[in-house]
Amino acid sequence: MLNLAEFDRSPSFAIGEQEALWALHWDLRRRRSHNTNRLEWSQVGRLLAPLDAARLYLRIPDTQLHRRSSKDAIGVVLFRSAEEGTPYWGWNEDAWVRLIGEDRHAFARRLPGWVDQTVRPYVAAYAYLLCGFDAFHRLGSFSRIALIQRIFDQDDVGQDRKTRKSKAENVRVL
């Protein structure tokens, strides 16, 4: 599992963090054209580092779509932190459900049109890895097997259909 002990998980913003998130706005997506030299990036480093570590921990399919979606999910979490007025470390279950949505339509409703459905499972994975979010039963329909395969080692997930189904049922209970 991801080692969270190395990160400052204070549930309150440090001076300048929330303002930096607002200033970065959707540059938080870190597309190719984003300016890495902006002062705001250093101001949100404490919030960004754990999300980047979680992204590197995940088993992300090696496609442009999934690389982009995993980064977009980080941007969505950081932007919502600014909106919530607290870093994601301090969110309760309801705050995560508000972001991830009770279904895919609820997820898309409050976000810009560029956020597609491939982003949602990455947000759920970050919630689980970084904050212990386990209310997957509140998220409606999504590929729990894909989520499990991204978080856990393939040996843990199992190759046969019966084992995958059993693991998926366990995630509902998580």
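The structure we're discussing is the one just above.
No experiment lies behind these values; they were computed from the predicted model shown.

1. Brief notes about the nonpolar core
Logical step 1: Core analysis: the biggest nonpolar cluster contains 51 residues, and Leu78, Tyr88, Trp96, Val123, Tyr126, Leu130 and Phe133 have the highest contact counts within it.
Logical step 2: Of all the secondary-structure elements, those providing two or more residues to this core are helix H1 (17-24), helix H3 (45-57), helix H4 (64-84), helix H5 (93-100), helix H7 (120-131) and helix H8 (144-151).
Logical step 3: Ranked by the residues each element gives to this core, the list is headed by H7, at nine residues.
Logical step 4: For Tyr88, the contacting residues outside a window of four places in its chain are Leu47, Pro50, Leu51, Val77, Leu78, Ser81, Trp96, Leu130 and Cys131.

2. A few points about the environment of Pro11
Logical step 1: Within the secondary structure, Pro11 sits in the segment before H1.
Logical step 2: Under the relative-accessibility criterion, Pro11 is labelled partly exposed at 45%.
Logical step 3: Sequence separation of Pro11 and Trp89 is 78 residues, and the distance between their C-alpha atoms is 5.3 Å.
Logical step 4: Ignoring sequence-local partners within four residues, the contact set of Pro11 consists of Thr86, Pro87 and Gly90.

3. Examining H8
Logical step 1: Judged by how many residues are buried, H8 sits mostly within the fold: six of eight residues are covered.
Logical step 2: Within the span of H8, buried status applies to Arg144, Ala146, Leu147, Ile148, Arg150 and Ile151.

4. Digging into the layout of surface pockets
One simple way to see leftover space: roll a probe sized like a water molecule over the atoms.
Logical step 1: Estimates place the volume of the largest pocket at around 260 Å³.
Logical step 2: Looking at the largest pocket, the residues that line it are Arg29, Arg30, Arg31, Arg32, Gln64, Arg67, Arg68, Lys71 and Asp72.
Logical step 3: Split into classes, the residues belonging to the lining of the largest pocket amount to no nonpolar, one polar and eight charged.

5. What to know about the packing of aromatic side chains
Logical step 1: The full count for this structure, using the stated rule, is nine aromatic pairs.
Logical step 2: Here the aromatic rings of Trp26 and Trp114 are separated by 4.9 Å at their centres, their planes lie at 80°, and the arrangement is edge-to-face. Of this pair, Trp26 sits in the loop between H1 and helix H2 (39-43) while Trp114 sits in the loop between helix H6 (104-109) and H7, and the two are 88 residues apart along the sequence.
Logical step 3: Look at Tyr128 and Phe152: their rings are 6.1 Å apart centre to centre, the planes differ by 65°, and that puts the pair in the edge-to-face class. Of this pair, Tyr128 sits in helix H7 while Phe152 is found in the loop between H8 and helix H9 (154-157), placing the two residues 24 residues apart along the sequence.
Logical step 4: In this structure Tyr128 comes out as buried when scored by relative accessible area, which is 14%.
Logical step 5: For Phe152, a relative accessible area of 23% translates into the label partly exposed.
Logical step 6: Every member of this aromatic cluster is reached through a ring pair, and the members are Tyr128, Phe133, Phe136, Phe142 and Phe152.
Logical step 7: The residue whose ring lies beneath Arg9 is Trp89, and the NZ or CZ to ring-centre distance is 5.5 Å.
Logical step 8: Seen from the ring of Tyr57, Arg59 lies directly overhead, with NZ or CZ sitting 5.8 Å from the centre.

Calculation rules
- Residues take numbers from 1 onward in each chain, read along the sequence in its written order.
- Totals for whole chains, interfaces and linings use every residue, but because this is a predicted model, local features are given only for residues with pLDDT of at least 70 and side-chain atom pairs only at 80 or more, for both listing and counting.
- To obtain the side-chain values, all non-hydrogen atoms of the structure were included, while hydrogens and water were left out.
- Residue types Ala, Val, Leu, Ile, Met, Phe, Trp, Tyr and Cys, when buried and joined through side-chain atoms within 4.5 Å, form a set referred to as a nonpolar core.
- Each residue's exposure class comes from its accessible area (1.4 Å probe, protein chains only) as a fraction of the maximum for that residue type: buried when under 20%, exposed when over 50%, partly exposed otherwise.
- Numbering of helices and strands runs from the N terminus; a helix is a DSSP stretch of H or I covering at least four residues, while a strand is a stretch of E covering at least two.
- Contacts between residues were defined by any pair of non-hydrogen atoms, one from each residue, lying within 4.5 Å.
- In this analysis, the protein atoms alone were mapped onto a 1 Å grid. Cavities are point sets where a 1.4 Å probe fits without being able to get out; pockets are open sets with protein on both sides within 12 Å along at least five of seven lines; lining residues have an atom within 4 Å of a point.
- Grid points are joined across faces, edges and corners, and a volume is the space filled by probe spheres set on the points.
- Residue classes follow a fixed rule: Ala, Val, Leu, Ile, Met, Phe, Trp, Tyr, Cys and Pro count as nonpolar, while Asp, Glu, Lys and Arg count as charged, and any other residue, Gly among them, counts as polar.
- Aromatic pairs are defined between Phe, Tyr and Trp rings, using the six-membered ring for Trp, whenever the two ring centres lie within 6.5 Å; interplanar angles under 30 degrees are classed as stacked, those over 60 as edge-to-face, and all others as tilted.
- Charge over a ring is defined by NZ of Lys or CZ of Arg lying within 6 Å of the ring centre and within 35 degrees of the ring normal.

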